[in-house]
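# Geometric and topological summary
Residue strings, one per chain:
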Amino acid sequence: MILVIGAGAVGSFLGATLAAGGEQVQLLPRTSPAGVHAVVHETPELILVAVKMPDLAGAIATAAAWPDAMVLAVENGVGADQELLATRPAGGLIAGSLTTSVERTGAGAIERLSRGGIVLAPVRGEVDSMIARLTRAFVGGGLRARATGDAAAMRWSKLLLNLMGNASGAIVDLDPVAVYRDPDLFALECRQIHEALATMARLGLHPIRLFGGDARLLPIALRLPRPLLQRVLVRVVARGRGGKRPSLHLHLERMAGDQSEVDWLNGAVAGAAAELGSLTPVNAGLARLVEECNRDPQRRAWFRGRPDRLLDALGGAHPPAGSGL
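All figures in this text were calculated on a predicted structure; none of them were measured in a lab. (Residues numbered from 1 in each chain as written. Predicted model: local features only at pLDDT ≥ 70, side-chain atom pairs only at ≥ 80, totals over all residues. Heavy atoms only, no water.)

### Examining the confidence of the model for the protein chain
Here the protein chain averages 91 in pLDDT, while 92% of its residues score no lower than 70. Contacts for the low-pLDDT stretch residues 317-325, under 50 throughout, to residues beyond four places or in other chains number 20 contacts. (pLDDT = per-residue confidence, 0-100. Contact = heavy atoms within 4.5 Å.)

Right, here's the structure in full:
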């Protein structure tokens, strides 16, 4: 049996897909009452954790009822695998990166907004047979799926896609396509991706292909003439999101005041770079400003619809020397 912790849009979608592919699945909310064993009548072989990063600690506490079960973590950003390794001394661990955009409709149904797919990678333990089984079930349920051998490269490749139009759009209250059509915000976005790619390179990681988004093409694309690059990335962003606003934008709209995921997105780039002795001023600045807007509605109102104020707060949007932008 596969137990899904986090019955939101992503967890419900993945659970339904696995069930359609022939697996026995049970859904739990992101946190469960103390009597969780009374709710789950069968010991799970696999626990699929599908919560936002600020809720991961609660999900891990729930999963502690089954310390030997394998875990598949499909969280965005960087850090879920390290937290699970530190808190679950036993059991196999699999990382998953989902590029299908889904959301819950007003009627409670899950709507799939883009095709995408899921990539799975081993993190710890003898998990290859489980990865093969999950891949078959996901494909059988109608979701493209494949395995890769490098979980860190996969996580960072998904991070590159998560960064695009996310923090900047959340701060100025614009959707990603509008962000990429604005010349100055586009330059800022390019600086953000340059910093993330440079940090990946220093970590010894190389971008990989994900379903619906080939991160390997970003370093090549960033060498294109700026007008052509902008046209290309506007189409990429529009296709990848399926009309859904990114996670940070949705957070500021619906859950302002609660902890956001920015520390595991732009903050993860800034933190990894700092450990390597490098600076990432755009990613660090975006992480700081998202949190300022999250805590202070007046601060967000100050930036709303004003890219110029965002650029001033970050010191302009001039591309790095020699970037061709």
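Next comes the rest of the write-up.
### Thoughts on the pairing of strand 3 (residues 46-49)
Side chains L46 and L48 project from strand 3 onto one buried face, and the interleaved I47 and V49 project onto a second face that is buried too. Of the pairings in the sheet, the one linking strand 1 (residues 2-5) to strand 3 comprises four bridges and is parallel in character. From the neighbouring strand, I2 faces strand 3, where its bridge partner is L46. Where strand 3 lies against strand 4 (residues 70-73), four bridges are found, and the strand directions are parallel. (Buried < 20%, exposed > 50% of the residue type's maximum accessible area, 1.4 Å probe, protein only. Helix = DSSP H or I, 4+ residues; strand = E, 2+ residues; numbered from the N terminus. Pairing = 2+ DSSP bridges.)

### A word on the pattern of salt bridges
If the charged atoms of two oppositely charged side chains come close together, the side chains can form a pair. Considering all chains together, one arrives at twelve salt bridges under this definition. A salt bridge links R216 to D214, with the shortest nitrogen-to-oxygen separation between them at 2.7 Å. The class for R216 is partly exposed, based on a relative accessible area of 43%. Close ionic contact of E292 with R288 constitutes a salt bridge, the shortest N to O distance being 3.2 Å. Placement of both E292 and R288 in helix 14 (residues 281-295) is noted, with a separation of four residues, approximately one turn of the helix. In this structure E292 comes out as buried when scored by relative accessible area, which is 18%. Look at R288 and you get partly exposed, because its relative accessible area is 40%. Three or more residues are tied together by salt bridges with common partners; here these are D173, R245, E253, R300 and R304. (Salt bridge = Lys/Arg side-chain N within 4 Å of Asp/Glu carboxyl O.)

### So, the packing of aromatic side chains
Going through the model one piece at a time under the given rule, you end up with one aromatic pair. The ring of F211 carries the charged tip of R209 above its face, separated from the ring centre by 5.7 Å. Taking the ring centre of W302 as reference, the NZ or CZ of R309 above it sits at 3.4 Å. (Phe/Tyr/Trp six-rings, centres within 6.5 Å; stacked < 30°, edge-to-face > 60°. Lys NZ or Arg CZ within 6 Å of the ring centre and 35° of its normal.)

### As for the environment of G77
Turning to its location among the elements, G77 is positioned in the loop between strand 4 and helix 4 (80-87). Separated by 82 residues in sequence, G77 and L159 place their C-alpha atoms 5.3 Å apart.

### So, empty space enclosed by the protein
Applying the stated rule across the entire model yields one cavity of 30 Å³ or more. Forming the walls of the largest cavity are Y180, E189, C190, I193, L218, L222 and L233. With three residues, the top contributor of residues to the lining of the largest cavity is helix 9 (residues 183-202). (1 Å grid on protein atoms, 1.4 Å probe; cavity = no way out; pocket = protein on both sides within 12 Å on 5 of 7 lines; lining within 4 Å. Points joined across faces, edges and corners; volume = space filled by probe spheres on them.)

### Let's talk about the sheet that holds strand 1
Read from one edge of the open sheet, seven strands run 2-1-3-4-5-8-9, paired in mixed fashion. Only two strands of the sheet have a single neighbouring strand rather than two, namely strand 2 (25-28) and strand 9 (145-147). Each strand of the sheet is rotated relative to its neighbour by a mean of 25 degrees, with strand direction disregarded. Its contacts with the sheet place helix 4 against strand 4, strand 5 (93-98) and strand 8 (118-124), and it is angled at close to 160 degrees to strand 5. (Axes fitted to C-alpha atoms, helices over the stretch in contact; angles between N-to-C directions.)

### A few points about the layout of surface pockets
The space that makes up the second largest pocket amounts to roughly 280 Å³. Along its surface, the second largest pocket is lined by 18 residues, and V78, G79, Q82, W156 and A272 are the ones closest to its centre. Elements that contribute at least two residues to the lining of the second largest pocket include exactly helix 4, helix 6 (151-163) and helix 13 (266-275). Take the lining of the second largest pocket: its biggest share by element is five residues, from helix 13. Of the residues belonging to the lining of the second largest pocket, the class tally is ten nonpolar, five polar and three charged. (Nonpolar A, V, L, I, M, F, W, Y, C, P; charged D, E, K, R; others polar.)

### Describing the packing of helix 13 against helix 14
A packed helix pair is summarised by two numbers, namely the angle formed by the two axes and the spacing between the axes. Remark: helix 13 packs on helix 14, axes separated minimally by 8 Å, with the N-to-C direction vectors making an angle of 135 degrees. Relative to helix 14, the element helix 13 is oriented oblique. The two elements helix 13 and helix 14 cross, and the hand of that crossing is left-handed. On helix 14, the residues touching N266, G267, V269 and A270 of helix 13 are N283, A284, L286 and A287. (Parallel < 35°, antiparallel > 145°, perpendicular 65-115°, else oblique. Left-handed = near helix turned anticlockwise from the far one by under 90°.)

### Focus on the side chain of S157
Take S157: it is sitting in helix 6. Aside from chain neighbours lying at most four places away, what touches S157 is M200, H206, P207, I208, L210 and A215.

### A closer look at the nonpolar core
By size, the foremost hydrophobic cluster in this structure holds 47 residues, and its most contacted members are W156, I171, Y180, L188, L286 and L310. Per-element tally for this core: the top contributor is helix 9, with eight residues. Not counting residues up to four positions away in its chain, the partners in contact with W156 are V78, A196, T199, M200, L203, L205, A268, V269 and A272. Grouped together as the second largest cluster of nonpolar side chains are 25 residues, A9, M70, L72 and V74 included. (Core = buried A, V, L, I, M, F, W, Y, C linked by side-chain atoms within 4.5 Å.)

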